[in-house]
Amino acid sequence: MRKISQNSITIICAIISIGVLVGFWELSAFLGWQYANIFPPPSHFLKDLSENGFRIGLGSQSAGIPESIASSFFRVFAGLGIGFFFALIAGMAISMSVWVKRFTMPVIELLAPIAPIAWIPLALVVFGIGNQTAIFIVFMGVFFILTIATVKAVETVPEHLLNVAKTLGARKWQLWFNVTFPYILPQVFTILRINFIAAWMAVLAAEMTGLRDGLGAIIMTGRNLFDNNLILLGMSLIGVSGFLIDTLLRWIQKKFFWWDVRL
Amino acid sequence: MENTELKLNNSLEGKHIGFSRGEDRKHVLEVIRDTSLALHNGEFKTIIGPSGCGKTTLLSILSGLLRPDSGVVLLNGLPVGEITDRVGLPTPSDVGVVFQDYGLFPWRTVAKNVAFGLEMAKAPKKEINKKVADILERVGLTDFANHYPHQLSGGMKQRTSIARVLATDAQFILMDEPFSSLDFQTRYFMQEFLLEVWKKFDKTIIYVTHHMDEAIMLSDTIYLMTSRPGKIVEEIKIDLPRPRSITDPKFVEYRGHIAKFLEKEVMKIFHNQK
């Protein structure tokens, strides 16, 4: 008999647990256990959606589901990508000199705990309503934390690995590019993945407060139209999309930043 | 440079090396005191001494990773600087180091690890590929070229790090307890492998260990080093034909002599602690 792998058991259990949740939700609405128009189950809001031709909102202001998902995804990935890139550069630059580190780290550590959502009002004034604002907010949400993570990661590069590279002829810049940088990359990417959730929430908050499109805007439209089908649709899409992005990030980590340096 | 006549005169010497480390002037720990040693072309020498006697520090000084507080390191008769951005001596093509914990880069394949030194020297890609393939072939790693370090056994890892040093054409190979994290069986095979490499590639090796049998099995000359402060106090020529056997009466005699020395040194550490 073929043995079922641990992995497939995990997946099966995940499907069951989500299935039970959705099933209970549908059943309770079907039996009238709760107000189905406050918590409309998927069968309701999906039907409602198809009746509206998969568009949200009214008339010229309406937007398609794919466009909404795409604009939220674009904002998150652009912000994460830019934040990751500049945090690596900033973190490595700061690590190069003790004096730069002493002067810059207090400022960065002071700015890091400011919630990305808190930047929304300022960003709206500076960048106006649009992608720039959303990307800026995601960027602020990850940049400082990732910079700190990079600086800390550089401190963990073991002396012996640097010595090996030195005896093989690596000089200052070569050491940075061939030892320090590849060594810290997986660590910093892990921090990026953890901070994705914060970035994701920041974009949605921005879309709910200022921007007129994206997944967050679906919920706001629903609220304005007293349409709970839309609200629940928005919430479900946010959940599923967030899960998909996290899966994608995990895949990227496995594929490109797989080495476990702390062997 | 593949000039045999030049190579004949190659030497790496440490003259009256002294080294201390400490946070401030009050807490200085003298690691090495007035130690001299010399390596000439084609020799295989071993440094043996109790744990923590400064053997690793001595190798770091010889490889240029550390600058001695006193004394001088001479490469082919010329004093050597510290590896810095300005002073580039000794180069990897002079001195290579093999470390106990392999020091392989986990994100590089075996072939890429072996290519590291050549890449740092900015050799043309074609030349690197050719050289790496050749070295891998000669040390029996061709089939593992595209493996990553975590996919290798301990012996294979150390084989890779030896190949990496061979790729830079280092004449002098400094080895810091390279086989001490390997199990008994693997260690035996790796010793055979090392002797093969030594002969086939015509290298000069200095080998640090605290295993008596390993030292006698491998080397032409054994330096005995005292416990802290470390100092080379005796040089034993091993006058045995290869391959050697640990049951050879002369082998046993050498071992007895070294054992007595080590015992004395360990007792010294023990008494100092009290």
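Please read these numbers as outputs of a predicted model, since none were measured by experiment.

Undergrad: When you look at the overall build of chain B in this model, what are you seeing that I'm missing?
TA: Regarding its fold elements, chain B presents 8 helices and 10 strands. Expressed as lengths along the three principal axes of its C-alpha atoms, the size of chain B is roughly 60 × 50 × 40 Å. Of all 274 residues assigned to chain B, the portion counted as buried reaches 41%. Long-range contacts, defined as pairs at least 24 residues apart, comprise 70% of the intrachain contacts of chain B with a sequence gap of at least 6.

Undergrad: I'm lost on the overall build of chain A in this one. Help?
TA: Along the backbone of chain A there are 10 helices and 2 strands. Over its C-alpha trace chain A gives a radius of gyration of 23 Å, far above what one expects of a compact globule, namely 18 Å for 263 residues. For the C-alpha atoms alone, the extent of chain A along its principal axes is close to 75 × 65 × 25 Å. The buried share of chain A, taken over its 263 residues, is 33%. Partitioning the intrachain contacts of chain A with sequence separation of at least 6 by distance along the chain shows that 68% fall at a separation of at least 24.

Undergrad: Please explain the nonpolar core as it appears in this structure.
TA: One recurring pattern in soluble globular proteins is that nonpolar side chains are buried together. All names here are of chain A. Residues Ile-137, Val-138 and Val-203 are the most contacted members of the largest nonpolar core, which totals 125 residues. Counting residues per element, this core draws most heavily on helix 6 (residues 131-155), at 16 residues. Discounting chain neighbours no more than four positions away, the residues touching Ile-137 are Pro-116, Trp-119, Ile-120, Ala-123, Ala-202, Val-203 and Ala-206.

Undergrad: Would you take a moment to explain the sheet that holds strand 1 (residues 11-22) of chain B for this structure?
TA: Hydrogen bonds between backbone atoms are what pair the strands of a sheet, whose relative direction is either parallel or antiparallel. Residue and element names in this part refer to chain B. Pairing is antiparallel across the open sheet formed by 4 strands, whose spatial order is 2-1-4-5. For this open sheet the edge positions go to strand 2 (28-40) and strand 5 (78-79), each flanked by a neighbour on one side alone. Taken together, the 2 bridges between strand 4 (residues 70-75) and strand 5 define a ladder with antiparallel strand orientation. Across the sheet, residue Leu-74 finds its bridge partner in strand 5, namely Pro-79. Strands strand 1, strand 2 and strand 4 of the sheet are contacted by helix 2 (residues 55-63), whose axis makes an angle of about 125° with strand 1.

Undergrad: Before we go on, may I ask you to explain the interface of chain B and chain A in this structure?
TA: A common way to express how large an interface is: the accessible area buried when the components associate. Contact with chain B, which involves 20 residues of that partner, is made by 16 residues of chain A. When residues of the side of chain B that touches chain A are traced back to their parent elements, those giving at least two are strand 6 (95-98) and helix 3 (110-120) of chain B. With 3 residues, the single largest contributor to the side of chain B that touches chain A is helix 3 of chain B. Residue composition of the side of chain B that touches chain A, by class: 10 nonpolar, 7 polar and 3 charged.

Undergrad: Would you explain the pairing of strand 10 (residues 232-237) of chain B in this entry?
TA: Successive residues of a regular strand alternate their side chains across the two faces of the sheet. All names here are of chain B. Pairing of strand 9 (residues 221-225) with strand 10 involves 5 bridges; the strand directions are antiparallel. Paired with Met-225 across the strands is Ile-232, a residue of strand 10. Between strand 9 and the antiparallel strand that follows it, strand 10, lie 6 residues.

Undergrad: Where do I start with the packing of helix 4 (residues 98-111) of chain A against helix 6 of chain A in this structure?
TA: Describing two packed helices takes the angle between their axes plus the distance from one axis to the other. Residue and element names in this part refer to chain A. At a minimum axis separation of 9 Å, helix 4 and helix 6 run at an interaxial angle of 140°. Here helix 4 lies oblique to helix 6, going by the angle between them. Handedness of the helix 4/helix 6 crossing: left-handed. Of the residues in helix 6, those in contact with Lys-101, Met-105, Ile-108, Glu-109 and Leu-111 of helix 4 are Phe-144, Thr-147, Ile-148 and Val-151. Across the contact of helix 4 with helix 6, the residue classes tally to 6 nonpolar, 1 polar and 2 charged.

Undergrad: Would you take a moment to explain the environment of Ala202(A) for this structure?
TA: For Ala202(A), the location among the structural elements is in helix 8 (residues 172-209). It is 9.9 Å that separates the C-alpha atoms of Ala202(A) and Phe139(A), two residues lying 63 residues apart in sequence.

Undergrad: Can you walk me through the sheet that holds strand 10 of chain B in this structure?
TA: All names here are of chain B. Strand order in the open sheet formed by 6 strands is 6-7-8-3-9-10, with mixed pairing between adjacent strands. Either end of the sheet is taken by a strand with one partner, and the two such strands are strand 6 and strand 10. Strand after strand, the sheet turns through a mean of 20° between neighbouring axes, direction not considered.

Undergrad: It is not clear to me how the packing of helix 5 (residues 120-127) of chain A against helix 6 of chain A should be interpreted in this structure. Could you clarify?
TA: All names here are of chain A. Relative orientation of the contacting elements helix 5 and helix 6 amounts to 140°, with a least axis distance of 9 Å. In terms of orientation, helix 5 and helix 6 fall into the oblique class. The crossing of helix 5 and helix 6 is right-handed. Two secondary-structure elements touch here, helix 5 through Ile-120, Ala-123, Leu-124 and Phe-127 and helix 6 through Gln-132, Thr-133, Phe-136 and Ile-137. Looking at the contact of helix 5 with helix 6, its residues break down into 6 nonpolar, 2 polar and no charged.

Undergrad: Could you clarify how one ought to interpret helix 7 (residues 159-167) of chain A in this entry?
TA: Note on helix geometry: an α-helix contains 3.6 residues per turn, so any two residues three or four positions apart are oriented the same way. Those residues of helix 7 of chain A that fall on the buried side of the exposure criterion are Leu161(A), Val164(A), Ala165(A), Lys166(A) and Thr167(A). Taken together, the buried residues of helix 7 of chain A touch helix 8 of chain A together with helix 2 and strand 6 of chain B.

Undergrad: Help me understand the environment of Asn224(A) in this model?
TA: Within the element layout of this structure, Asn224(A) appears in helix 9 (residues 215-224). Classification of Asn224(A) by C-beta neighbours within 10 Å gives exposed; the count is 11.

Criteria and cut-off values
Residues numbered from 1 in each chain as written. Chains lettered and ligands numbered in written order. Predicted model: local features only at pLDDT ≥ 70, side-chain atom pairs only at ≥ 80, totals over all residues. Helix = DSSP H or I, 4+ residues; strand = E, 2+ residues; numbered from the N terminus. Buried ≥ 20, exposed ≤ 12 C-beta atoms within 10 Å, placed from the backbone. Contact = placed C-beta atoms within 7 Å. Rg over C-alpha atoms; globule rule 2.2 N^0.38 Å. Core = buried A, V, L, I, M, F, W, Y, C linked by C-beta atoms within 7 Å. Pairing = 2+ DSSP bridges. Axes fitted to C-alpha atoms, helices over the stretch in contact; angles between N-to-C directions. Nonpolar A, V, L, I, M, F, W, Y, C, P; charged D, E, K, R; others polar. Parallel < 35°, antiparallel > 145°, perpendicular 65-115°, else oblique. Left-handed = near helix turned anticlockwise from the far one by under 90°.

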